[in-house]
Amino acid sequence: MAAMEIAAAVAELVAKHCTDVVMSPGSRNSPLAYALLARRDVTVHMRIDERSAAFTALGLARVQRRHVGVVMTSGTAVANAYPAVIEAHMSHTPIAVISADRPERLVGTGASQTIWQQGIFGRYAETQQVQSLDDVHAASFAASQVHINVALDTPLVPEQLPEPVGAPRRVGPGALAGSRGYADHGAVDVDLTRNTLVIAGDEAREVPGLEHVPTIAEPTAPTPFHQVHPLAARFFAQSEVAISHDGGDFAADTKPEQVIVVGHPTLHRDVMALLADPDIEVIGISRTGTFTGQPDKRGSRVNATGQPTDTWLKICEAAGDVGADTVRQALTEDEFGFTGLHVAAAVCDTLGVGDTLVLGSSNPVRDASFVGMPFDGVSTYAARGAAGIDGTVSQAVGVALATQALRPDEIRAPRTVALMGDLTFLHDANGLLIGPDEPRPGNLTIVVANDDGGGIFEALEPGADHLRGAFERVFGTPHGVDVEKLAEAYGADYRRADTLAELNEVLLELESQPNPITVVEAATTRATRRALAARLNR
(Lines give C-alpha, C1' and ligand atoms only; values in the text may rest on other atoms or scores of the structure.)
Protein backbone atom coordinates (compact mmCIF):
# COMPACT_ATOMS: atom_id res chain seq x y z
CA MET A 1 0.00 0.00 0.00
CA ALA A 2 1.38 3.42 -0.92
CA ALA A 3 0.30 5.03 2.38
CA MET A 4 1.98 2.27 4.38
CA GLU A 5 5.23 2.55 2.41
CA ILE A 6 5.35 6.33 2.79
CA ALA A 7 4.56 6.10 6.51
CA ALA A 8 7.27 3.49 7.07
CA ALA A 9 9.81 5.69 5.28
CA VAL A 10 8.76 8.72 7.33
CA ALA A 11 9.07 6.68 10.54
CA GLU A 12 12.59 5.63 9.56
CA LEU A 13 13.50 9.26 8.87
CA VAL A 14 12.09 10.32 12.24
CA ALA A 15 14.04 7.57 14.03
CA LYS A 16 17.30 8.92 12.60
CA HIS A 17 16.71 12.25 14.36
CA CYS A 18 14.41 11.54 17.31
CA THR A 19 14.29 9.12 20.21
CA ASP A 20 10.82 10.30 21.26
CA VAL A 21 7.58 11.08 19.46
CA VAL A 22 4.40 12.47 21.01
CA MET A 23 1.34 11.41 19.04
CA SER A 24 -2.38 12.10 19.11
CA PRO A 25 -5.04 9.71 17.81
CA GLY A 26 -6.68 10.18 14.43
CA SER A 27 -7.70 8.41 11.27
CA ARG A 28 -5.61 10.18 8.65
CA ASN A 29 -2.39 9.71 10.66
CA SER A 30 -3.05 6.01 11.36
CA PRO A 31 -0.39 4.84 8.84
CA LEU A 32 2.15 6.96 10.71
CA ALA A 33 0.92 5.54 14.02
CA TYR A 34 1.36 1.93 12.92
CA ALA A 35 4.81 2.63 11.48
CA LEU A 36 6.07 4.49 14.55
CA LEU A 37 4.67 1.97 17.03
CA ALA A 38 6.60 -0.73 15.18
CA ARG A 39 9.89 1.05 15.81
CA ARG A 40 11.78 -0.22 18.84
CA ASP A 41 14.23 2.68 18.63
CA VAL A 42 11.55 5.34 19.21
CA THR A 43 9.54 5.93 22.40
CA VAL A 44 5.96 6.90 21.56
CA HIS A 45 3.92 9.00 24.00
CA MET A 46 0.17 9.23 23.32
CA ARG A 47 -1.80 12.39 24.16
CA ILE A 48 -5.46 13.06 23.37
CA ASP A 49 -4.93 16.80 22.97
CA GLU A 50 -2.60 17.91 20.15
CA ARG A 51 -1.79 21.17 21.91
CA SER A 52 -0.67 19.28 25.01
CA ALA A 53 1.19 16.81 22.82
CA ALA A 54 3.20 19.59 21.17
CA PHE A 55 4.12 21.20 24.48
CA THR A 56 5.07 17.82 25.96
CA ALA A 57 7.39 17.37 23.00
CA LEU A 58 8.81 20.83 23.63
CA GLY A 59 9.55 19.92 27.25
CA LEU A 60 11.28 16.72 26.15
CA ALA A 61 13.31 18.65 23.58
CA ARG A 62 14.47 21.27 26.09
CA VAL A 63 16.27 18.53 28.03
CA GLN A 64 17.32 16.31 25.12
CA ARG A 65 18.53 19.24 22.98
CA ARG A 66 17.49 17.43 19.83
CA HIS A 67 14.32 17.09 17.77
CA VAL A 68 11.28 15.48 19.35
CA GLY A 69 8.47 14.55 16.99
CA VAL A 70 4.80 15.55 17.24
CA VAL A 71 2.42 13.51 15.10
CA MET A 72 -1.23 14.32 14.48
CA THR A 73 -4.09 13.89 12.06
CA SER A 74 -5.25 16.43 9.50
CA GLY A 75 -7.27 19.62 9.95
CA THR A 76 -7.27 21.84 13.01
CA ALA A 77 -5.29 19.17 14.87
CA VAL A 78 -2.22 20.63 13.13
CA ALA A 79 -3.09 24.19 14.15
CA ASN A 80 -3.07 23.14 17.81
CA ALA A 81 0.72 22.75 17.58
CA TYR A 82 1.19 26.40 16.56
CA PRO A 83 1.85 27.87 20.06
CA ALA A 84 4.50 25.25 20.82
CA VAL A 85 6.16 25.78 17.44
CA ILE A 86 6.33 29.53 18.10
CA GLU A 87 7.93 28.99 21.52
CA ALA A 88 10.35 26.47 20.00
CA HIS A 89 11.32 28.97 17.31
CA MET A 90 11.75 31.87 19.72
CA SER A 91 13.77 29.78 22.20
CA HIS A 92 15.75 27.95 19.49
CA THR A 93 14.52 24.58 20.72
CA PRO A 94 14.39 21.79 18.10
CA ILE A 95 10.97 20.28 17.40
CA ALA A 96 9.52 18.34 14.45
CA VAL A 97 5.84 18.39 13.54
CA ILE A 98 4.81 15.45 11.36
CA SER A 99 1.26 16.10 10.24
CA ALA A 100 -0.96 13.82 8.22
CA ASP A 101 -2.88 15.50 5.39
CA ARG A 102 -5.50 14.66 2.82
CA PRO A 103 -4.35 14.28 -0.79
CA GLU A 104 -3.99 17.66 -2.51
CA ARG A 105 -6.96 16.98 -4.79
CA LEU A 106 -9.25 17.22 -1.75
CA VAL A 107 -7.90 20.50 -0.35
CA GLY A 108 -10.37 23.32 -0.88
CA THR A 109 -13.24 20.98 -1.76
CA GLY A 110 -14.97 21.01 1.62
CA ALA A 111 -13.74 17.53 2.50
CA SER A 112 -13.94 16.67 6.18
CA GLN A 113 -10.97 17.63 8.38
CA THR A 114 -9.25 19.27 5.42
CA ILE A 115 -7.58 22.67 5.65
CA TRP A 116 -4.61 24.35 3.98
CA GLN A 117 -1.78 22.78 5.97
CA GLN A 118 1.10 23.72 3.72
CA GLY A 119 2.77 26.80 5.19
CA ILE A 120 0.49 26.73 8.23
CA PHE A 121 3.34 27.69 10.62
CA GLY A 122 4.45 30.67 8.52
CA ARG A 123 7.92 31.94 9.34
CA TYR A 124 8.20 29.69 12.40
CA ALA A 125 8.59 26.40 10.47
CA GLU A 126 8.77 25.87 6.73
CA THR A 127 6.54 23.08 5.41
CA GLN A 128 8.14 20.14 3.62
CA GLN A 129 5.40 18.49 1.57
CA VAL A 130 5.54 14.69 1.28
CA GLN A 131 3.45 12.86 -1.32
CA SER A 132 5.87 10.16 -2.48
CA LEU A 133 8.87 8.16 -1.34
CA ASP A 134 11.11 10.59 -3.23
CA ASP A 135 9.71 13.43 -1.11
CA VAL A 136 10.52 11.48 2.06
CA HIS A 137 14.13 10.98 0.96
CA ALA A 138 14.40 14.72 0.24
CA ALA A 139 12.96 15.75 3.61
CA SER A 140 15.39 17.40 5.99
CA PHE A 141 15.83 17.95 9.72
CA ALA A 142 18.44 20.65 9.11
CA ALA A 143 16.25 23.40 10.61
CA SER A 144 15.54 23.57 14.34
CA GLN A 145 11.80 23.72 13.71
CA VAL A 146 10.66 21.15 11.16
CA HIS A 147 7.23 20.64 9.60
CA ILE A 148 6.80 17.54 7.46
CA ASN A 149 3.31 17.41 6.00
CA VAL A 150 2.48 13.89 4.76
CA ALA A 151 -0.37 13.52 2.28
CA LEU A 152 -1.87 10.06 2.76
CA ASP A 153 -4.51 8.44 0.56
CA THR A 154 -6.73 5.49 1.41
CA PRO A 155 -6.45 2.71 2.40
CA LEU A 156 -5.07 3.94 5.72
CA VAL A 157 -4.72 0.69 7.66
CA PRO A 158 -2.47 -2.29 6.90
CA GLU A 159 -3.72 -5.82 6.37
CA GLN A 160 -1.81 -6.77 9.53
CA LEU A 161 0.36 -5.04 12.10
CA PRO A 162 3.89 -4.35 10.81
CA GLU A 163 6.84 -6.31 12.15
CA PRO A 164 9.02 -4.61 14.79
CA VAL A 165 11.93 -2.57 13.42
CA GLY A 166 15.12 -1.37 15.11
CA ALA A 167 16.44 -1.93 18.63
CA PRO A 168 16.04 0.01 21.89
CA ARG A 169 18.80 2.58 22.50
CA ARG A 170 20.07 5.06 25.03
CA VAL A 171 21.23 8.38 23.63
CA GLY A 172 22.72 11.35 25.43
CA PRO A 173 21.53 14.96 24.98
CA GLY A 174 21.96 16.32 21.49
CA ALA A 175 23.76 13.21 20.24
CA LEU A 176 21.67 12.24 17.19
CA ALA A 177 22.02 13.39 13.60
CA GLY A 178 20.48 16.77 12.96
CA SER A 179 21.29 18.27 16.38
CA ARG A 180 21.28 22.01 16.02
CA GLY A 181 24.43 23.93 15.24
CA TYR A 182 25.26 27.45 16.39
CA ALA A 183 26.04 30.66 14.56
CA ASP A 184 29.43 32.30 14.93
CA HIS A 185 29.26 36.09 14.90
CA GLY A 186 32.95 36.46 15.65
CA ALA A 187 34.75 37.90 18.65
CA VAL A 188 34.38 41.26 20.39
CA ASP A 189 37.29 42.97 22.11
CA VAL A 190 36.41 43.74 25.74
CA ASP A 191 38.51 45.72 28.22
CA LEU A 192 37.47 44.47 31.66
CA THR A 193 39.29 47.23 33.50
CA ARG A 194 36.27 49.33 32.54
CA ASN A 195 33.38 48.85 34.97
CA THR A 196 31.61 45.92 33.35
CA LEU A 197 28.35 44.13 34.16
CA VAL A 198 27.11 40.93 32.50
CA ILE A 199 23.38 40.34 32.11
CA ALA A 200 22.74 36.64 31.43
CA GLY A 201 19.31 35.51 30.28
CA ASP A 202 17.70 32.40 28.88
CA GLU A 203 19.97 30.49 26.45
CA ALA A 204 23.00 32.04 28.13
CA ARG A 205 26.16 30.00 28.43
CA GLU A 206 29.49 30.35 30.18
CA VAL A 207 31.59 32.67 28.00
CA PRO A 208 35.37 32.21 28.35
CA GLY A 209 36.93 35.44 29.55
CA LEU A 210 33.88 36.63 31.51
CA GLU A 211 34.14 34.18 34.42
CA HIS A 212 35.01 36.83 37.01
CA VAL A 213 32.77 39.66 35.80
CA PRO A 214 29.83 40.54 38.10
CA THR A 215 26.68 39.06 36.57
CA ILE A 216 22.94 39.47 36.95
CA ALA A 217 21.78 36.01 35.93
CA GLU A 218 18.21 34.92 35.23
CA PRO A 219 17.15 31.52 36.67
CA THR A 220 17.78 29.57 33.44
CA ALA A 221 21.30 30.98 32.98
CA PRO A 222 24.48 29.32 34.29
CA THR A 223 25.35 30.19 37.88
CA PRO A 224 27.98 32.97 37.82
CA PHE A 225 30.95 33.22 40.18
CA HIS A 226 30.09 36.84 41.08
CA GLN A 227 26.29 36.71 41.11
CA VAL A 228 24.52 40.05 41.53
CA HIS A 229 20.91 40.32 42.69
CA PRO A 230 18.54 41.80 40.05
CA LEU A 231 17.27 44.47 42.47
CA ALA A 232 20.77 45.96 42.29
CA ALA A 233 19.91 47.23 38.79
CA ARG A 234 18.49 50.33 40.50
CA PHE A 235 21.96 51.08 41.85
CA PHE A 236 23.56 50.59 38.46
CA ALA A 237 21.16 53.05 36.84
CA GLN A 238 22.53 55.87 39.02
CA SER A 239 25.82 57.69 38.69
CA GLU A 240 26.59 57.70 42.42
CA VAL A 241 25.10 55.82 45.37
CA ALA A 242 25.88 55.79 49.09
CA ILE A 243 26.56 52.21 50.14
CA SER A 244 27.16 50.60 53.53
CA HIS A 245 29.22 47.43 53.34
CA ASP A 246 31.44 45.50 55.76
CA GLY A 247 30.91 48.08 58.49
CA GLY A 248 31.87 51.11 56.37
CA ASP A 249 30.05 53.73 54.33
CA PHE A 250 31.24 54.99 50.97
CA ALA A 251 29.96 56.85 47.92
CA ALA A 252 30.32 54.75 44.80
CA ASP A 253 30.18 55.42 41.08
CA THR A 254 27.81 52.58 40.36
CA LYS A 255 26.89 53.04 36.71
CA PRO A 256 28.70 50.45 34.54
CA GLU A 257 30.62 51.68 31.55
CA GLN A 258 29.66 48.62 29.55
CA VAL A 259 27.05 45.89 29.82
CA ILE A 260 27.56 42.53 28.13
CA VAL A 261 24.32 40.73 27.31
CA VAL A 262 24.58 36.95 27.03
CA GLY A 263 21.54 35.03 25.83
CA HIS A 264 18.02 36.39 26.01
CA PRO A 265 17.19 38.31 29.22
CA THR A 266 13.55 39.40 29.63
CA LEU A 267 12.51 39.37 33.28
CA HIS A 268 13.19 42.63 35.09
CA ARG A 269 12.32 46.10 33.84
CA ASP A 270 15.08 47.79 35.81
CA VAL A 271 17.64 45.38 34.41
CA MET A 272 16.42 45.84 30.85
CA ALA A 273 16.47 49.63 31.32
CA LEU A 274 20.26 49.46 31.56
CA LEU A 275 20.35 48.35 27.93
CA ALA A 276 18.60 51.56 26.89
CA ASP A 277 20.87 53.89 28.89
CA PRO A 278 22.78 56.07 26.40
CA ASP A 279 25.72 56.34 28.81
CA ILE A 280 26.30 52.56 28.81
CA GLU A 281 27.91 50.69 25.93
CA VAL A 282 26.01 47.45 25.25
CA ILE A 283 27.72 44.37 23.82
CA GLY A 284 25.56 41.45 22.68
CA ILE A 285 26.89 37.88 22.79
CA SER A 286 24.79 35.24 21.04
CA ARG A 287 25.18 31.91 19.24
CA THR A 288 21.86 32.35 17.42
CA GLY A 289 20.47 35.00 15.10
CA THR A 290 18.80 36.78 18.01
CA PHE A 291 20.40 39.64 19.95
CA THR A 292 18.37 41.12 22.78
CA GLY A 293 17.87 44.86 22.45
CA GLN A 294 20.01 46.88 20.05
CA PRO A 295 23.61 46.29 21.16
CA ASP A 296 26.39 48.60 20.03
CA LYS A 297 28.62 45.61 19.29
CA ARG A 298 27.75 41.99 18.48
CA GLY A 299 29.62 38.73 18.64
CA SER A 300 29.57 35.12 19.79
CA ARG A 301 32.63 35.30 22.04
CA VAL A 302 34.99 37.85 23.57
CA ASN A 303 38.66 38.70 23.46
CA ALA A 304 38.95 39.89 27.05
CA THR A 305 41.84 41.94 28.39
CA GLY A 306 42.39 43.13 31.95
CA GLN A 307 40.40 42.20 35.05
CA PRO A 308 37.60 43.91 37.00
CA THR A 309 38.98 46.28 39.61
CA ASP A 310 38.67 45.46 43.30
CA THR A 311 36.59 48.59 43.77
CA TRP A 312 34.09 47.52 41.11
CA LEU A 313 33.82 44.02 42.53
CA LYS A 314 33.20 45.51 45.97
CA ILE A 315 30.49 47.83 44.63
CA CYS A 316 28.71 44.98 42.83
CA GLU A 317 28.93 42.70 45.86
CA ALA A 318 27.53 45.38 48.14
CA ALA A 319 24.70 46.27 45.77
CA GLY A 320 23.83 42.61 45.31
CA ASP A 321 23.84 41.98 49.05
CA VAL A 322 21.42 44.86 49.59
CA GLY A 323 19.05 43.38 47.01
CA ALA A 324 19.18 39.85 48.43
CA ASP A 325 18.83 41.07 52.02
CA THR A 326 15.87 43.25 51.07
CA VAL A 327 13.97 40.27 49.69
CA ARG A 328 14.68 38.00 52.64
CA GLN A 329 13.74 40.72 55.11
CA ALA A 330 10.46 41.37 53.30
CA LEU A 331 9.60 37.68 53.51
CA THR A 332 9.69 37.90 57.32
CA GLU A 333 7.30 40.86 57.54
CA ASP A 334 3.81 39.75 58.54
CA GLU A 335 2.01 42.58 56.74
CA PHE A 336 2.41 40.88 53.35
CA GLY A 337 0.90 37.54 54.37
CA PHE A 338 1.58 34.42 52.29
CA THR A 339 2.41 35.46 48.71
CA GLY A 340 3.81 33.90 45.57
CA LEU A 341 7.23 35.24 46.53
CA HIS A 342 7.04 33.20 49.74
CA VAL A 343 6.13 30.14 47.66
CA ALA A 344 9.12 30.67 45.37
CA ALA A 345 11.37 30.95 48.42
CA ALA A 346 10.07 27.65 49.82
CA VAL A 347 10.49 25.87 46.48
CA CYS A 348 14.00 27.15 45.86
CA ASP A 349 15.16 26.67 49.45
CA THR A 350 14.14 23.00 49.38
CA LEU A 351 15.85 22.16 46.09
CA GLY A 352 18.87 19.89 46.17
CA VAL A 353 21.77 19.15 43.87
CA GLY A 354 20.54 17.00 40.98
CA ASP A 355 17.01 18.37 41.07
CA THR A 356 15.30 19.92 38.05
CA LEU A 357 13.20 23.08 38.25
CA VAL A 358 10.54 24.21 35.76
CA LEU A 359 9.31 27.79 36.14
CA GLY A 360 6.08 29.20 34.80
CA SER A 361 6.04 32.61 33.17
CA SER A 362 4.54 35.66 34.86
CA ASN A 363 5.41 36.02 38.57
CA PRO A 364 6.99 32.61 39.38
CA VAL A 365 10.11 32.96 37.22
CA ARG A 366 10.65 36.50 38.52
CA ASP A 367 10.06 35.45 42.10
CA ALA A 368 12.57 32.62 41.70
CA SER A 369 15.08 35.17 40.45
CA PHE A 370 14.46 37.38 43.49
CA VAL A 371 15.02 34.53 45.97
CA GLY A 372 18.34 33.43 44.54
CA MET A 373 18.10 31.35 41.39
CA PRO A 374 20.15 30.16 39.62
CA PHE A 375 22.40 28.03 41.78
CA ASP A 376 24.77 25.22 40.94
CA GLY A 377 23.51 21.68 40.63
CA VAL A 378 19.92 22.50 39.65
CA SER A 379 18.83 22.33 36.00
CA THR A 380 16.27 25.09 35.40
CA TYR A 381 13.88 25.47 32.46
CA ALA A 382 11.40 28.21 31.59
CA ALA A 383 9.51 29.24 28.46
CA ARG A 384 11.29 32.52 27.83
CA GLY A 385 11.24 32.44 24.03
CA ALA A 386 7.79 33.96 23.68
CA ALA A 387 7.31 34.06 27.49
CA GLY A 388 3.76 32.72 27.36
CA ILE A 389 1.98 30.80 30.09
CA ASP A 390 0.53 28.25 27.66
CA GLY A 391 1.58 24.62 27.81
CA THR A 392 3.53 24.88 31.07
CA VAL A 393 2.12 21.73 32.71
CA SER A 394 2.78 19.71 29.55
CA GLN A 395 6.31 21.08 29.30
CA ALA A 396 6.94 20.16 32.93
CA VAL A 397 5.79 16.61 32.20
CA GLY A 398 8.07 16.48 29.16
CA VAL A 399 11.05 17.82 31.12
CA ALA A 400 10.46 15.26 33.88
CA LEU A 401 10.14 12.39 31.40
CA ALA A 402 13.32 13.36 29.56
CA THR A 403 15.29 13.84 32.79
CA GLN A 404 14.11 10.46 33.98
CA ALA A 405 15.09 8.79 30.71
CA LEU A 406 18.59 10.27 30.86
CA ARG A 407 19.13 8.89 34.37
CA PRO A 408 17.49 5.45 34.25
CA ASP A 409 19.88 3.76 36.67
CA GLU A 410 18.99 5.84 39.72
CA ILE A 411 17.23 4.04 42.56
CA ARG A 412 14.27 6.41 42.26
CA ALA A 413 13.26 8.81 39.54
CA PRO A 414 15.14 12.12 39.64
CA ARG A 415 13.15 14.93 41.23
CA THR A 416 11.48 17.57 39.08
CA VAL A 417 9.67 20.50 40.68
CA ALA A 418 7.49 22.85 38.64
CA LEU A 419 6.42 26.22 40.06
CA MET A 420 3.57 28.08 38.40
CA GLY A 421 0.66 30.38 39.08
CA ASP A 422 -2.95 29.30 39.15
CA LEU A 423 -3.83 30.81 35.77
CA THR A 424 -0.85 29.06 34.19
CA PHE A 425 -1.90 25.77 35.78
CA LEU A 426 -5.52 26.10 34.66
CA HIS A 427 -4.46 27.15 31.17
CA ASP A 428 -2.85 23.72 30.69
CA ALA A 429 -4.42 21.43 33.28
CA ASN A 430 -5.00 19.00 30.41
CA GLY A 431 -1.26 18.37 30.49
CA LEU A 432 -2.00 16.07 33.44
CA LEU A 433 -4.04 13.78 31.18
CA ILE A 434 -1.72 10.80 30.65
CA GLY A 435 -3.14 7.43 29.67
CA PRO A 436 -2.62 4.36 31.87
CA ASP A 437 -0.27 2.69 29.37
CA GLU A 438 1.91 5.75 28.73
CA PRO A 439 5.36 6.59 30.12
CA ARG A 440 4.82 8.66 33.25
CA PRO A 441 7.16 10.91 35.20
CA GLY A 442 8.08 9.15 38.43
CA ASN A 443 8.82 12.13 40.66
CA LEU A 444 7.12 15.35 39.56
CA THR A 445 5.84 17.94 42.02
CA ILE A 446 3.74 20.77 40.57
CA VAL A 447 3.51 23.69 43.00
CA VAL A 448 0.62 26.03 42.19
CA ALA A 449 0.79 29.45 43.81
CA ASN A 450 -2.96 30.05 43.82
CA ASP A 451 -3.92 33.67 44.45
CA ASP A 452 -7.19 33.22 42.53
CA GLY A 453 -6.28 35.31 39.54
CA GLY A 454 -3.65 37.33 37.74
CA GLY A 455 -1.31 38.36 40.54
CA ILE A 456 1.32 39.81 38.20
CA PHE A 457 -1.03 42.63 37.21
CA GLU A 458 -1.34 43.80 40.79
CA ALA A 459 2.11 45.41 40.64
CA LEU A 460 1.85 46.62 37.04
CA GLU A 461 0.18 49.76 35.71
CA PRO A 462 -3.37 48.29 35.61
CA GLY A 463 -3.16 47.69 39.38
CA ALA A 464 -2.92 51.40 40.23
CA ASP A 465 -5.51 52.71 42.67
CA HIS A 466 -7.25 54.99 40.16
CA LEU A 467 -7.82 52.02 37.77
CA ARG A 468 -9.08 49.47 40.32
CA GLY A 469 -12.70 49.79 39.19
CA ALA A 470 -11.95 47.73 36.07
CA PHE A 471 -9.20 45.61 37.54
CA GLU A 472 -10.85 42.50 38.96
CA ARG A 473 -12.89 41.51 35.94
CA VAL A 474 -10.31 42.29 33.25
CA PHE A 475 -6.95 41.65 34.94
CA GLY A 476 -7.62 39.97 38.27
CA THR A 477 -9.89 37.37 36.61
CA PRO A 478 -10.80 35.38 39.75
CA HIS A 479 -11.97 31.85 38.98
CA GLY A 480 -12.69 30.03 42.24
CA VAL A 481 -11.59 26.64 40.85
CA ASP A 482 -11.27 23.78 43.32
CA VAL A 483 -7.72 22.67 42.53
CA GLU A 484 -8.03 19.55 44.69
CA LYS A 485 -10.98 18.24 42.68
CA LEU A 486 -9.22 19.09 39.42
CA ALA A 487 -6.09 17.19 40.46
CA GLU A 488 -8.23 14.26 41.58
CA ALA A 489 -10.03 14.20 38.23
CA TYR A 490 -6.70 13.73 36.46
CA GLY A 491 -5.46 11.11 38.93
CA ALA A 492 -2.75 13.28 40.50
CA ASP A 493 -1.99 13.30 44.21
CA TYR A 494 -2.84 16.54 46.00
CA ARG A 495 -1.45 18.48 48.95
CA ARG A 496 -2.33 21.93 50.27
CA ALA A 497 -0.38 24.56 52.19
CA ASP A 498 -1.78 27.76 53.70
CA THR A 499 1.44 29.07 55.23
CA LEU A 500 5.13 29.16 54.45
CA ALA A 501 5.85 26.69 57.24
CA GLU A 502 3.26 24.24 55.92
CA LEU A 503 4.65 24.49 52.40
CA ASN A 504 8.20 23.83 53.58
CA GLU A 505 6.94 20.79 55.47
CA VAL A 506 5.05 19.42 52.46
CA LEU A 507 7.97 19.91 50.08
CA LEU A 508 10.45 18.26 52.41
CA GLU A 509 8.08 15.33 52.91
CA LEU A 510 7.64 14.89 49.15
CA GLU A 511 11.40 15.03 48.70
CA SER A 512 11.86 12.07 51.02
CA GLN A 513 8.76 10.15 49.90
CA PRO A 514 8.00 11.17 46.29
CA ASN A 515 4.80 10.36 44.44
CA PRO A 516 4.59 10.05 40.64
CA ILE A 517 2.74 13.37 40.13
CA THR A 518 1.71 15.57 43.04
CA VAL A 519 -0.08 18.90 42.77
CA VAL A 520 0.72 21.13 45.75
CA GLU A 521 -1.67 24.04 46.09
CA ALA A 522 -0.21 26.99 47.99
CA ALA A 523 -3.17 29.21 48.90
CA THR A 524 -1.67 32.69 48.59
CA THR A 525 -2.87 36.28 48.50
CA ARG A 526 -2.37 38.85 45.78
CA ALA A 527 -3.88 41.71 47.78
CA THR A 528 -0.42 42.68 49.05
CA ARG A 529 1.60 42.15 45.88
CA ARG A 530 1.63 45.83 44.94
CA ALA A 531 2.75 46.85 48.42
CA LEU A 532 5.36 44.07 48.41
CA ALA A 533 6.75 45.25 45.07
CA ALA A 534 6.96 48.80 46.43
CA ARG A 535 8.75 47.49 49.52
CA LEU A 536 11.35 45.74 47.38
CA ASN A 537 11.87 48.77 45.17
CA ARG A 538 12.48 51.01 48.16
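Residues numbered from 1 in each chain as written. Predicted model: local features only at pLDDT ≥ 70, side-chain atom pairs only at ≥ 80, totals over all residues. Heavy atoms only, no water.

Moving on: the overall build of the chain. A tally of helices and strands in the chain yields 17 helices and 21 strands. In terms of C-alpha radius of gyration, the chain reaches 25 Å, essentially the compact-globule figure of 24 Å for 538 residues. Overall, the C-alpha framework of the chain stretches about 85 × 55 × 50 Å when taken along its three principal axes. Of all 538 residues assigned to the chain, the portion counted as buried reaches 54%. Taking the intrachain contacts of the chain between residues at least 6 apart in sequence as the baseline, contacts between residues at least 24 apart amount to 74%. (Helix = DSSP H or I, 4+ residues; strand = E, 2+ residues; numbered from the N terminus. Rg over C-alpha atoms; globule rule 2.2 N^0.38 Å. Buried < 20%, exposed > 50% of the residue type's maximum accessible area, 1.4 Å probe, protein only. Contact = heavy atoms within 4.5 Å.)

UniProt marks residues 391–518 with the feature "domain: Thiamine pyrophosphate enzyme TPP-binding" (unreviewed entry), using the numbering shown here. Here residues 391–518 is 37% helix and 16% strand, with 18 Å between the C-alpha atoms at its ends. (UniProt positions renumbered as here; feature names shortened; annotations may be inferred.)

Across the sheet, which stays open at both edges, the five strands sit in the order S9-S8-S12-S13-S14 with parallel pairing between neighbours. A strand with exactly one partner marks an edge of an open sheet, and here the two such strands are strand S9 (215–217) and strand S14 (297–299). Adjacent strand axes in the sheet meet at a mean angle of 20 degrees when their direction is disregarded. Where strand S8 (residues 196–200) and S9 come together, three bridges link them in parallel fashion. In the sheet register, Val198 faces S9, and the bridge partner there is Thr215. (Pairing = 2+ DSSP bridges. Axes fitted to C-alpha atoms, helices over the stretch in contact; angles between N-to-C directions.)

Put simply, the largest pocket is a space of about 930 Å³. If you trace the largest pocket, you find 42 residues lining it, with Arg62, Arg65, Thr220, Thr380 and Tyr381 closest to the centre. Listing elements by their share of the lining of the largest pocket, those giving two or more residues are helix H3 (50–64), strand S17 (379–382) and helix H12 (392–406). The greatest single-element share of the lining of the largest pocket, amounting to four residues, is contributed by S17. Its residues placed into classes, the lining of the largest pocket shows 15 nonpolar, 16 polar and 11 charged. Considering only enclosed or pocket space, the second largest pocket measures out at about 650 Å³ in volume. If you trace the second largest pocket, you find 24 residues lining it, with Arg366, Phe370, Ala459, Leu460 and Ala533 closest to the centre. Elements that contribute at least two residues to the lining of the second largest pocket include exactly helix H8 (269–273), helix H11 (363–370) and helix H17 (529–537). (1 Å grid on protein atoms, 1.4 Å probe; cavity = no way out; pocket = protein on both sides within 12 Å on 5 of 7 lines; lining within 4 Å. Points joined across faces, edges and corners; volume = space filled by probe spheres on them. Nonpolar A, V, L, I, M, F, W, Y, C, P; charged D, E, K, R; others polar.)

Turning our attention to unusual backbone geometry. Thr154 connects to Pro155 through a cis peptide bond whose omega is 0 degrees. You can see Pro155 is positioned in the loop between strand S6 (145–151) and strand S7 (187–191). With an omega dihedral of 5 degrees, the bond running from Met373 to Pro374 counts as a cis peptide bond. Within the fold, Pro374 resides in the loop between H11 and S17. Although it is not a glycine, His92 sits at a positive phi angle of roughly 55 degrees. When its relative accessible area of 18% is taken as the criterion, His92 is described as buried. One non-glycine residue, Asp452, adopts positive backbone phi at about 55 degrees. Structurally, Asp452 is set in the loop between strand S19 (444–450) and helix H14 (471–476).

Before going further, it helps to examine the packing of H3 against helix H5 (residues 82–91). Contact pair H3 / H5: the axes reach a minimum separation of 8 Å and the direction vectors enclose 25 degrees. Judged on the interaxial angle alone, H5 and H3 are roughly parallel. Classified by chirality, the crossing of H5 by H3 is right-handed. Across the interface between the two elements, Ala54, Phe55, Leu58 and Arg62 of H3 pack against Pro83, Ala84, Glu87, Ala88 and Ser91 of H5. (Parallel < 35°, antiparallel > 145°, perpendicular 65-115°, else oblique. Left-handed = near helix turned anticlockwise from the far one by under 90°.)

What follows deals with the environment of Asn80. Along the polypeptide, Asn80 turns up in the loop between helix H4 (76–79) and H5. On the basis of relative accessible area, Asn80 is assigned to the partly exposed category, the value being 28%. Linking Asn80 and Arg51, residues 29 residues apart in sequence, is a C-alpha distance of 4.7 Å. Contacts of Asn80, omitting those with residues within four sequence positions, involve Glu50 and Arg51. Within polar-contact distance, the side chain of Asn80 engages the backbone oxygen of Thr76 at 2.9 Å. (Polar contact = N/O pair within 3.5 Å; in protein donor to acceptor, adjacent residues only side chain to side chain.)

We now examine the sheet that holds strand S5 (residues 127–130). One open sheet accounts for six strands, arranged S2-S1-S3-S4-S6-S5; its pairing is parallel. The strands lining the two open edges of the sheet, one partner per strand, are strand S2 (43–46) and S5. Strand-to-strand twist of the sheet, defined as the mean angle between neighbouring strand axes without regard to direction, takes the value 20 degrees. Pairing between strand S1 (residues 20–23) and strand S3 (residues 69–72): three bridges, direction parallel. Within the sheet, the bridge partner assigned to Val22 lies in S3 and is Val70. Its contacts with the sheet place H3 against S1, S2, S3 and strand S4 (95–101), and it is angled at close to 165 degrees to S1.

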